[in-house]
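Overview (structure and organization)
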Amino acid sequence: MSGPRVLPLNPAQAARRALERLAEQGFVETARNTRGDSVYLKTEGCDLALRVSNHARTPKQRRNHPDAVTSLVLREPKSPAQVDDLVAAALRNFTAERVRRGA
């Protein structure tokens, strides 16, 4: 018999989980768009940002936040484990870009 069924998180719930996981890694919110569906986070002492959103970056967002070096886009339902995996991938991408830029 298998364990309890895990219901998928809707995109807003998935984003909340991702933000919680990123906060556990020392990221703090530094900006949010007016609709609240794009959040920019940074770590202390680093000028680069990681973005969590339900959509790809627009040209305006790219202009307004050139510091965002990676985005975690959550537009479909995801299981908690899938969100955690996506956060881990975003952290790897962020770290790699930070090293590449010498930041």
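For the structure, see preceding data.
Attention in this report is confined to the structure presented alongside it. (Residues numbered from 1 in each chain as written. Predicted model: local features only at pLDDT ≥ 70, side-chain atom pairs only at ≥ 80, totals over all residues. Heavy atoms only, no water.)

Turning our eyes to something else, we now look at the sheet that holds strand E4 (residues 68-73). Strand order in this open sheet of four strands is E1-E2-E3-E4, and the pairing throughout is mixed. Each of the sheet's edge strands pairs with one partner strand only, and the pair in question is strand E1 (27-32) and E4. Between one strand and the next, the sheet's axes are offset by a mean angle of 30 degrees, whatever the strand orientation. The pairing of E1 with strand E2 (residues 38-43) spans five bridges and is antiparallel. Considered in E2, the bridge of Phe27 is made with Thr43. (Pairing = 2+ DSSP bridges. Helix = DSSP H or I, 4+ residues; strand = E, 2+ residues; numbered from the N terminus. Axes fitted to C-alpha atoms, helices over the stretch in contact; angles between N-to-C directions.)

Taken as a whole and judged by the stated rule, the model has eight salt bridges. Ionic pairing is found between Arg21 and Glu24, a salt bridge with its closest N-O pair at 3.3 Å. Of this pair, Arg21 and Glu24 both sit in helix H1 (residues 11-24), three residues apart, which is roughly one turn of that helix. You can call Glu24 exposed: its relative accessible area is 57%. Its salt-bridge partner being Glu97, residue Arg101 comes within 2.6 Å of it at the nearest N-O pair. Here Arg101 pairs with Glu97, and both are found in helix H3 (residues 80-101), just four residues apart, close to one helical turn. (Salt bridge = Lys/Arg side-chain N within 4 Å of Asp/Glu carboxyl O. Buried < 20%, exposed > 50% of the residue type's maximum accessible area, 1.4 Å probe, protein only.)

Next up on the list: the pairing of E4. Where strand E3 (residues 49-53) and E4 come together, five bridges link them in parallel fashion. Pairing of Arg51 across the sheet is with Ser71, part of E4. Read as a crossover between parallel neighbours, the route from E3 over helix H2 (residues 59-64) to E4 is right-handed. (Right-handed = clockwise from strand over helix to strand, strands pointing away.)

Any two packed helices are characterised by the angle at which their axes cross and by the distance between the axes. Two elements in contact, H1 and H3, have axes whose closest approach is 9 Å; the angle formed by their N-to-C orientations is 50 degrees. The angle between the axes of H1 and H3 places the two elements in the oblique class. Of the two possible hands of crossing, H1 and H3 adopt the one that is right-handed. On H3, the residues touching Ala14, Arg17, Ala18, Arg21 and Leu22 of H1 are Pro80, Val83, Asp84, Val87 and Leu91. (Parallel < 35°, antiparallel > 145°, perpendicular 65-115°, else oblique. Left-handed = near helix turned anticlockwise from the far one by under 90°. Contact = heavy atoms within 4.5 Å.)

As a rule of thumb, soluble globular proteins bury nonpolar side chains together. In this structure, Leu22, Leu50 and Val52 are the most contacted members of the largest nonpolar core, which totals 21 residues. Of all elements in the fold, only H1, E2, E3, E4 and H3 reach the threshold of two or more residues within this core. In this structure Val52 touches Ala15, Ala18, Leu19, Leu22, Asp37, Ser38, Val39, Leu41, Leu72 and Leu74, once residues within four positions along its chain are discounted. (Core = buried A, V, L, I, M, F, W, Y, C linked by side-chain atoms within 4.5 Å.)

Here the focus is the environment of Thr58. Among the secondary structure elements, Thr58 is positioned in the loop between E3 and H2. Judged by its relative accessible area of 31%, Thr58 is partly exposed. Measuring from C-alpha to C-alpha, the distance between Thr58 and Gly102 comes to 26 Å, with 44 residues separating the pair along the chain.

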